[in-house]
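Survey of secondary and tertiary structure
These are the residues of each chain, in order.
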Amino acid sequence: MLSIFDIYKIGVGPSSSHTNGPMMAGFNFTQLIADRITDVIRVQVDLYGSLSLTGIGHHTDRATILGLLGNKPDTIKITNANHAMRHAIDSGVMDLAGSKRIAFNYKTDMLFHDDNLPLHENGMMITAFDQSGGVIVGETYYSIGGGFIATADELQNGSKSAPIEVAFPFSSADEMLDQADKNGMSIGSMILKNEAAFNGVDTISERADQIWCVMNDCMVRGFETEGILEGGLNLTRRAPNLLKKLEANAAVENDPMEIMDWINLFAFAVSEENAAGGQVVTSPTNGASGVIPAVLMYYHRFIKELDTKQLKDFLAVSGAIGILYKTNASISGAEVGCQGEVGVSSSMAAAGLTALRGGSNEQICIAAEIAMEHSLGMTCDPIGGLVQVPCIERNAMGAMKAINASRMALKRNSKSLISLDKVIETMYQTGKDMHKKYRETSLGGLALIHLAPPCE
């Protein structure tokens, strides 16, 4: 079993797979060579597959360097770290692990390859060399979605760490429902009992409040920050202007659909901050980090003010759904397309919102199933390899879909013909059947639009 805080992690944009994962790979490599770091003269990074093809737009190169400098996504001091990263690229000198000064040539030490490594679409190799050019140590890492990384050995043979035993184990949605029913518990309460195997009661509350605080802070920055997003698309941030319009029209318009504009606003603000490399909550990925904050803020502003108890219930339920997708399918856009990112986040949000609205355990799973059922086949085709178009609007659409899926489930009296387990299985198979050009490579779909000549 995973912790719900494996699904909800604090990191930096724009991509959990391309930014947080490679940063952790770089950091872990510094720990791997710690006892021989004095012998290291040069470090080479080889990026493969999606990490290479969309690596520049997703800041994979920068993130890996930040990791090699000794930074981790959840504790990074972004301004100072970015200064050190830029200095390493411009000066040709890197402070490996923050301590050992070595030469660094971006053009020859950061290499981009079009082919894939054998075990996953997001592969990378990091190698340390000594004075004579001999290899001191090399490691292959795979960024497998949501900021999770695994070495080649771990992917092939499994993790060597001992599994965590929880009070109510399950490996499928049906088993989760059976456990809750057998023990007379709501899904949220049962998952929080499981979470006690990872964290103390006070720690769970503190981390839930921290997650909400980071989401709020991110949203506020998105409301207040105007300008053009970096990357070359010249995309203007929309959240600040939309907020001004909503506030100006509040006293004069009586638009029953205006609540949709507010939900769009919440998602835009977070997603634009993520695109700019700001601090976000991976939920379950950075590319989908605007969905759940938008749904939570919708509940907080228009239904009932959130407290810690409700937050924990939402995070427990939605986190459990995320765990099911992570362990039985994938949350990697490079592996299964955007259905594994915005689709999964929408499914998680629908489940969490249904729990907050008093839905039954079965209705929670129905809501999660509906949100994913209508996300199946969603491609990951970011223009220019940037988490901007269509990603920002797609987060808003995912939030809307989650809210509607929850409402459908709460009003439903009949049994669902499609189980959550079946839709998770279908999502994974659909992703595997999807041509690789539609899976976060920017080689197909909307990603090609910017290459087309202008209309005459």
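Definitions and cut-offs
Residues numbered from 1 in each chain as written. Predicted model: local features only at pLDDT ≥ 70, side-chain atom pairs only at ≥ 80, totals over all residues. Heavy atoms only, no water. Helix = DSSP H or I, 4+ residues; strand = E, 2+ residues; numbered from the N terminus. Rg over C-alpha atoms; globule rule 2.2 N^0.38 Å. Buried < 20%, exposed > 50% of the residue type's maximum accessible area, 1.4 Å probe, protein only. Contact = heavy atoms within 4.5 Å. Areas by Shrake-Rupley, 256 points an atom, 1.4 Å probe, with all protein chains shown as cover. Lys, Arg positive; Asp, Glu negative; His and termini not counted. Charge placed at Lys NZ, Arg CZ, Asp CG, Glu CD. Phe/Tyr/Trp six-rings, centres within 6.5 Å; stacked < 30°, edge-to-face > 60°. Pairing = 2+ DSSP bridges. Axes fitted to C-alpha atoms, helices over the stretch in contact; angles between N-to-C directions. Salt bridge = Lys/Arg side-chain N within 4 Å of Asp/Glu carboxyl O. Polar contact = N/O pair within 3.5 Å; in protein donor to acceptor, adjacent residues only side chain to side chain. Expected span 1.5 Å × (residues − 1).

**Remarks on the overall build of the protein**
- If you tally the helices and strands in the protein, you get 19 helices and nine strands.
- On C-alpha atoms alone, the protein measures out to a radius of gyration of 22 Å, which is about the 23 Å that the 2.2 N^0.38 rule sets for 456 residues.
- Taking the principal axes of its C-alpha atoms as reference, the protein extends roughly 70 × 60 × 40 Å.
- Counting over 456 residues, the protein shows a buried share of 55%.
- A separation threshold of at least 6 residues defines the contact pool for the protein, and within that pool the share at least 24 residues apart is 76%.
- Approximately 19,200 Å² of the protein is accessible, and the part contributed by carbon and sulfur atoms is 51%.
- Charge separation in the protein, taken as the distance between the mean sites of 36 positive and 51 negative side-chain charges, equals 1 Å.

**Some points on the packing of aromatic side chains**
- This model, assessed by the stated rule, comprises two aromatic pairs.
- Considering the side-chain rings of Trp 262 and Phe 266, the 6.1 Å spacing of their centres and the 40 degrees angle between planes classify their relative orientation as tilted. Residue Trp 262 and its partner Phe 266 are both found in helix H12 (residues 258-275); the two are separated by four residues, about one turn of the helix. We note that Trp 262, like Phe 266, is buried.
- Each ring, one from Tyr 298 and one from Phe 302, has its centre 6.4 Å from the other, and the planes form 40 degrees; the classification is tilted. Taken together, the residues Tyr 298 and Phe 302, both in helix H13 (residues 291-302) and four residues apart, mark about one turn of the helix.

**Section: the sheet that holds strand E5 (residues 110-112)**
- Spatial strand order, E5-E2-E6-E7-E8: five strands in an open sheet with mixed pairing. What marks the edges here is a single partner per strand, and that holds for E5 and strand E8 (148-151). Adjacent strand axes in the sheet meet at a mean angle of 25 degrees, parallel and antiparallel pairs treated alike.
- Relative to strand E7 (residues 135-145), strand E6 (residues 122-129) is paired through seven bridges, and the arrangement is antiparallel. Looking at the pairing, Met 124 lines up with Tyr 141 of E7.

**Things to note about the pattern of salt bridges**
- For the structure on display, the rule yields 14 salt bridges.
- With a closest N to O distance of 3.0 Å, Glu 230 and Arg 62 form a salt bridge. Taken as a pair, Glu 230 in the loop between helix H10 (201-224) and helix H11 (239-249) and Arg 62 in helix H4 (residues 60-68) lie far apart in primary sequence, 168 residues in all.
- Residue Arg 62 is classed as partly exposed on the basis of its relative accessible area, which comes to 23%.
- Salt bridges sharing common partners tie together Arg 221, Arg 237 and Glu 273.

**Section: the side chain of Asn 395**
- Along the chain, Asn 395 falls in helix H18 (residues 391-410).
- With a relative accessible area of 1%, Asn 395 lands in the buried category.
- Within polar-contact distance, the side chain of Asn 395 engages the backbone nitrogen of Val 291 at 3.4 Å.
- Look past the residues within four positions of Asn 395 in its chain and what remains in contact with it is Ala 267, Ser 271, Gly 287, Ala 288, Ser 289, Gly 290, Val 291 and Val 342.

**Description of the environment of Ser 52**
- The topology assignment puts Ser 52 in helix H3 (residues 49-53).
- Ser 52 gets classed as buried once you look at its relative accessible area, which sits at 8%.
- Along the backbone, Ser 52 and Leu 296 are 244 residues apart, and their C-alpha atoms lie at a distance of 34 Å.
- Leaving out residues up to four positions away in the same chain, Ser 52 has contacts with Leu 47, Phe 112, His 113 and Asp 114.
- Of the polar contacts made by the side chain of Ser 52, one reaches the backbone oxygen of His 113; its length is 2.9 Å.

**Describing H12**
- Its 18 residues give H12 an end-to-end C-alpha distance of 26 Å, which sits within 8% of 26 Å, the value for a rise of 1.5 Å per residue.
- Of all 18 residues that make up H12, 15 are buried, and the element is covered over most of its length.
- Count one or two residues on from H12 and you reach Gly 277, which has phi positive near 85 degrees.

**A few points about unusual backbone geometry**
- Across the junction of Gly 13 and Pro 14, the peptide omega takes the value 10 degrees, indicating a cis bond.
- Mapping Pro 14 onto the fold places it in the loop between strand E1 (9-12) and helix H2 (16-32).
- Following Val 389, the chain continues to Pro 390 via a peptide bond in cis, the omega torsion being 10 degrees.
- Positive phi values are uncommon outside glycine, yet Glu 440 reaches one of about 55 degrees.
- Here Glu 440 is to be found in the segment after helix H19 (420-433).

That's the geometry; what it means functionally is another story.
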